[in-house]
Amino acid sequence: MGMIEKCAEILSDQNRTAFIILLGILLAMIVILVIARVYVSGFQADSSKNGGIEAMRLVISICVVVHHYCGYSPGGYLGVDFFFVLSGFFLMKHFERYEGSNNCAAEAAMQYTFERYKRIIPHYIFTCILALILTLYIDGHLSVLDWIQNGMWELLMLEAFGMTENLMIGPGWYCSALLIAGFVIYYFLSKFKKTYLYFVAPFSFMGIFAWMMNQFGHLNRWLQYDTVISTGVLRGFAEIGLGCICYKIAEVILCKKKVFIWQSTLLEVICVISILYTIRFQGLSRSDFSCVLFMAALITSLFIKNSLWSRFFNHWLFKYMGKISMAVFLNHMILGKIDWSQLFHVSWNISFLFYVFFVILFSSLSTELVELAERKYWEEKR
């Protein structure tokens, strides 16, 4: 009994130390950002952002956070599917904007993928540093060689090819699948746009979903190798393709200008309720597949911007929410290393409120800090 109590005391001390370290990092970030505001401009939210989409990005990110922490959102893993569909929408928007600017399909796909990688990697590196610090203070040991070997593939975002399964950042598999599937889709669009949009995208979506429904009965697969490549990449390929289709649907609707405000508002309400109900009460069920369709309909409608919700969400605060969603998504599992229940002496189901608060606070500051570093870097490059 004495040995158990001693181990518990050691773990408690490590937990408190990790929290003190986290507070120190938070304080340092606040000081840096306060000083930076005096000398650096450009900390305002991007006014061109879609407030409805950005607000949903943070809400969905929080669902993922809660899913990994406690049982309040058993279907929280579906947040990744929302991000895949949304990424497909943005991919198609980017392609339409720059179509024809590069005659080589492989070069265009590579350029797009590299640009997306450059947007993700600064936040990823910041989270890796946090993971290194907290792992040292909580686990008390770290194999530097394993860290370097696994981290090399993860920082290159090649883990979805099977390069490593020991991830420093759990949600990193999504970034890898996003880049791999996105590269292939952008190549297909550059090579044979109509064939991809009207044949490959819809049939690959239906085929992959039919296979996953019959094989597993749900969508919660990531780095498992059920075929020649991780199922997370197949999941991403299907849903990014769905996002491309959603963009074309939104484009057609906007051209015809036959969108009615009350119908759009009702559609979005139904979609949000269905998505949140599935995430909160379902999980690992066939409801996953219909939930993705509700996500696609919601994203399409929000981008058309003709509902009461689109007007309500057209505010800088909601636009800022989406800005920190990537950091929330990447940081949350690292911050989950701290035992928040033990730290604040509350039940596990209550401690998640403290956990979510610190994840949002930390991610907000880290996003600003990373953007500041990027801004200074590109200013000096000029």
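Cut-offs used in this document
- Residue numbers here run from 1 along each chain, matching the order of that chain's written sequence.
- Totals for whole chains, interfaces and linings use all residues, but because this is a predicted model, local features are given only for residues with pLDDT of at least 70 and pairs of side-chain atoms are given and counted only at 80 or more.
- Side-chain numbers here rest on the full set of heavy atoms in the structure, without hydrogens or water.
- Strands are runs of DSSP state E lasting at least two residues, helices are runs of H or I lasting at least four, and both sets are numbered from the N terminus onward.
- Buried residues are those whose accessible area, probed at 1.4 Å on protein chains only, stays under 20% of the maximum for their type, while exposed residues exceed 50% and partly exposed ones sit between those limits.
- Here a residue-residue contact requires only that any non-hydrogen atoms of the pair lie within 4.5 Å.
- The method behind every accessible area is Shrake-Rupley, applied with a 1.4 Å probe, and residues are considered shielded solely by the protein chains displayed.
- Two N or O atoms form a polar contact when they lie within 3.5 Å of each other; inside protein one atom must be a possible hydrogen donor and the other a possible acceptor, and for residues adjacent in sequence the pair counts only when both atoms belong to side chains.
- Here, axes are lines fitted to C-alpha atoms. For helices the fit covers the stretch in contact, and angles between N-to-C directions go from 0 to 180 degrees.
- For classification purposes, angles smaller than 35 degrees are called roughly parallel, those larger than 145 roughly antiparallel, those between 65 and 115 roughly perpendicular, and all remaining angles oblique.
- Crossing handedness is defined as follows: a turn of the near helix away from the far one that is anticlockwise and smaller than a right angle gives a left-handed crossing, while the clockwise case is right-handed.
- Each residue carries a pLDDT score, the predictor's own confidence in it, on a scale running from 0 to 100.
- Note on definitions: salt bridges are taken to be side-chain nitrogens of Lys or Arg within 4 Å of carboxyl oxygens of Asp or Glu.

(A) How the structure looks around the overall build of the protein chain. Along the protein chain, the regular secondary structure elements total 14 helices and 0 strands. Scanning the protein chain from its N terminus toward the C terminus, one meets helices and strands in the order α-α-α-α-α-α-α-α-α-α-α-α-α-α. For the protein chain, the proportion of its 382 residues judged to be buried stands at 49%. Across the protein chain, the fraction of contacts at a sequence separation of at least 24, relative to all contacts at a separation of at least 6, is 79%. Within the structure as shown, the protein chain displays about 18800 Å² of accessible surface, and the carbon and sulfur contribution to it stands at 66%.

(B) Local environment of the side chain of Ser87. Mapped onto the secondary structure, Ser87 falls in helix 3 (residues 79-98). Separated by 3.3 Å, the side chains of Ser87 and Tyr174 make a polar contact. Aside from chain neighbours lying at most four places away, what touches Ser87 is Arg116, Tyr174 and Leu178.

(C) View of the packing of helix 3 against helix 7 (residues 231-256). Between helix 3 and helix 7, the shortest axis-to-axis distance is 6 Å and the interhelical angle comes to 55 degrees. Here helix 3 lies oblique to helix 7, going by the angle between them. You can see that helix 3 and helix 7 cross each other, and the crossing is right-handed.

(D) Representation of unusual backbone geometry within the structure. The backbone of Leu284 sits at a positive phi, close to 50 degrees, despite the residue not being glycine. Its place among the elements puts Leu284 in the loop between helix 8 (261-281) and helix 9 (287-304). What makes Leu284 exposed here is its relative accessible area of 52%. One non-glycine residue with positive phi stands out, namely His345, at about 55 degrees. Considering the arrangement of structural elements, one finds His345 in the loop between helix 13 (340-344) and helix 14 (348-381). Residue His345 is classed as exposed on the basis of its relative accessible area, which comes to 73%.

(E) Summary view of the environment of Glu165. Mapped onto the fold, Glu165 is located in the loop between helix 5 (144-155) and helix 6 (172-215). The exposure class of Glu165 is exposed, given its relative accessible area of 60%. Between the alpha carbons of Glu165 and Glu154 there is a distance of 9.3 Å; along the sequence they are 11 residues apart.

(F) Geometry of the confidence of the model for the protein chain. Confidence along the protein chain averages 85 in pLDDT terms, with 88% of residues attaining 70 or more. Within the protein chain, the lowest mean pLDDT, 66, falls on helix 1 (residues 2-39), and the highest, 96, falls on helix 6. pLDDT under 50 marks residues 1-10. Its contacts with residues more than four places away, or in other chains, come to 1 contact.

(G) How the structure looks around the pattern of salt bridges. In total, this model carries 9 salt bridges according to the counting rule given. Between Glu96 and Lys193 there is a salt bridge; the shortest N-O distance is 2.7 Å. Of the two residues, Glu96 is situated in helix 3 and Lys193 in helix 6; the sequence distance between them amounts to 97 residues. Of the charged contacts, one joins Asp226 and Arg221 as a salt bridge, the two residues approaching to 2.6 Å between their closest N and O atoms. Overlapping salt bridges, with partners in common, bring together Glu96, Glu99, Lys193, Lys248 and Glu251 in one network.

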